[in-house]
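Residues per chain are reported as follows:
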Amino acid sequence: MDKKTMTLGEFIIENQDSFQYTSGELSRLLNGLRLAAKVVNHEVNKAGLVDIIGAAGDTNIQGENQQKLDVMANEKFIQTLSKREIVCGIASEEEDDFISINSFDKQHQNKYIVLIDPLDGSSNIDVNVSVGTIFSIYRRVTPVGTPVTLEDFLQPGRNQVAAGYIVYGTSTMLVYTTGDGVNGFTLNPALGTFYLSHPDMEFPETGKIYSVNEGNYVHFPKGVKDYIKYCQEEEGDRPYISRYIGSLVSDFHRNMIKGGIYLYPKSSKAEEGKLRLLYECNPMAFLAEQANGKASDGFNPIMDIIPKELHQRVPFFCGSKKMVEKAEEFMAAKS
Ligand code: P6P
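Residues numbered from 1 in each chain as written. Predicted model: local features only at pLDDT ≥ 70, side-chain atom pairs only at ≥ 80, totals over all residues. Heavy atoms only, no water.

Draft legend 1. Expanded view of the sheet that holds strand E9 (residues 183–188). Strand order across the open sheet formed by eight strands is E4-E3-E5-E6-E7-E8-E9-E10, with mixed pairing between neighbours. Of all the strands in the sheet, just strand E4 (99–100) and strand E10 (193–198) have a single pairing partner and so form its edges. Here five bridges tie strand E3 (residues 87–92) to strand E5 (residues 112–120), and the two strands are oriented parallel to one another. Counterpart to Ile-90 in the pairing with E5 is Val-114. The strands that helix H6 (residues 248–258) touches are E5, strand E6 (131–139), strand E7 (162–168), strand E8 (172–177) and E10; relative to E7, the one it contacts most, it runs at about 100°. On the sheet, helix H7 (residues 277–290) packs against E3, E5, E6, E7 and E8 and is oriented at approximately 85° with respect to E6. (Pairing = 2+ DSSP bridges. Helix = DSSP H or I, 4+ residues; strand = E, 2+ residues; numbered from the N terminus. Contact = heavy atoms within 4.5 Å. Axes fitted to C-alpha atoms, helices over the stretch in contact; angles between N-to-C directions.)

Written out as structure tokens, the structure is:
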């Protein structure tokens, strides 16, 4: 089949056999995420027209004001994944604790758990800037037939069986990996169908774009400050270009296509950084490594970190391999 006309559904089926756990359960899980993505996309795209913009009046465990679309996206993904008896557990940025899914007649027989950031970059919602959904999928490690435990969620990123994101931008794309490369699918809104538009996505080995919130410069560690100054020096192919959307998924997506590095370092304001390990950094790190890029905490690979808490934060350096390695050199010099 011509790859360019392939739909996401066809791609999932065609590649199911190449996946080591070919139970078909992962295919159903990916199809469930695909459906939820279309529903959330519909709501995000009409947000300006109905009274759904703005804060929902609550705060999440992160202490952040929950935007109404955050709440809607969280509910849609949880509903879709729970009703289809696909997973045995779900963790979400918007949920204080993980959710154990007991499919009545299946008694916790499903093997997969999902961790999601249902709407990342939500602070951009009111100003009509791209936002995204991030998902991370593992096989449970506790016995099938029993309720999931925190142990099932606190797995290192290396154990992921699939990960991806949906970016609700000028077009809506679903980008994911099951450990055999990264592929991007663009939604045709008229048909409600995702088509394979970006097969075999890869980070250029290096690039000229750096993405960081320079408003935090005075709070950064010396190694980060030195790397930012390195990006700004006039030498060789520098100064680089500064691009920071305030939406991880959008910055990551652009950097994967054009080459670049995204940094959310720790700072005196955020001792562990801002991004969450389990449902932001690990899935993006899996995608980055599958796309010949790199993802670290400035010193060690993100996916080697053994998680301690569900909403744990880590510093995040991610993108073109040579750019991340250069940033790590500056971090090592000043550590
Ligand atoms: P700051 C969005 O809240 C997010 O988690 C990422 O999507 C984004 O890159 C970052 O935080 C923006 O944070 O502190 O620069 O506004």
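Draft legend 2. Representation of the domain arrangement of the protein. What the domain assignment reports for the protein is domain 1 (3–198) and domain 2 (209–333). The centre of domain 1, based on its C-alpha atoms, is set 23 Å off from the matching centre of domain 2. Counting residues at the interface gives 50 residues for domain 1, matched by 34 residues for domain 2. Here domain 1 and domain 2 share an interface that buries about 2900 Å² over both sides, 61% of which is from carbon and sulfur atoms. (Domains from an automatic or database assignment. Buried area = accessible area lost by both parts, 1.4 Å probe.)

Draft legend 3. Layout of the pairing of E10. Relative to E10, E9 runs antiparallel, the two being bridged by five bridges. Opposite Asn-188, over in E10, you have Thr-193 as the bridge partner. The hairpin formed by E9 and E10 contains four residues between the paired strands, and Gly-192 there has a positive phi angle of roughly 70°.

Draft legend 4. Structural detail: the environment of His-311. Positionally, His-311 belongs in the loop between strand E14 (293–296) and strand E15 (316–320). According to the relative accessible area criterion, His-311 is buried, its value standing at 13%. Between the alpha carbons of His-311 and Asp-17 there is a distance of 34 Å; along the sequence they are 294 residues apart. Filtering out sequence-adjacent residues up to four positions away, His-311 remains in contact with Ile-61, Gln-62, Ser-92, Glu-93, Glu-95, Asp-96, Arg-276 and Tyr-279. There is a polar contact of 3.1 Å between the side chain of His-311 and the backbone oxygen of Glu-95. (Buried < 20%, exposed > 50% of the residue type's maximum accessible area, 1.4 Å probe, protein only. Polar contact = N/O pair within 3.5 Å; in protein donor to acceptor, adjacent residues only side chain to side chain.)

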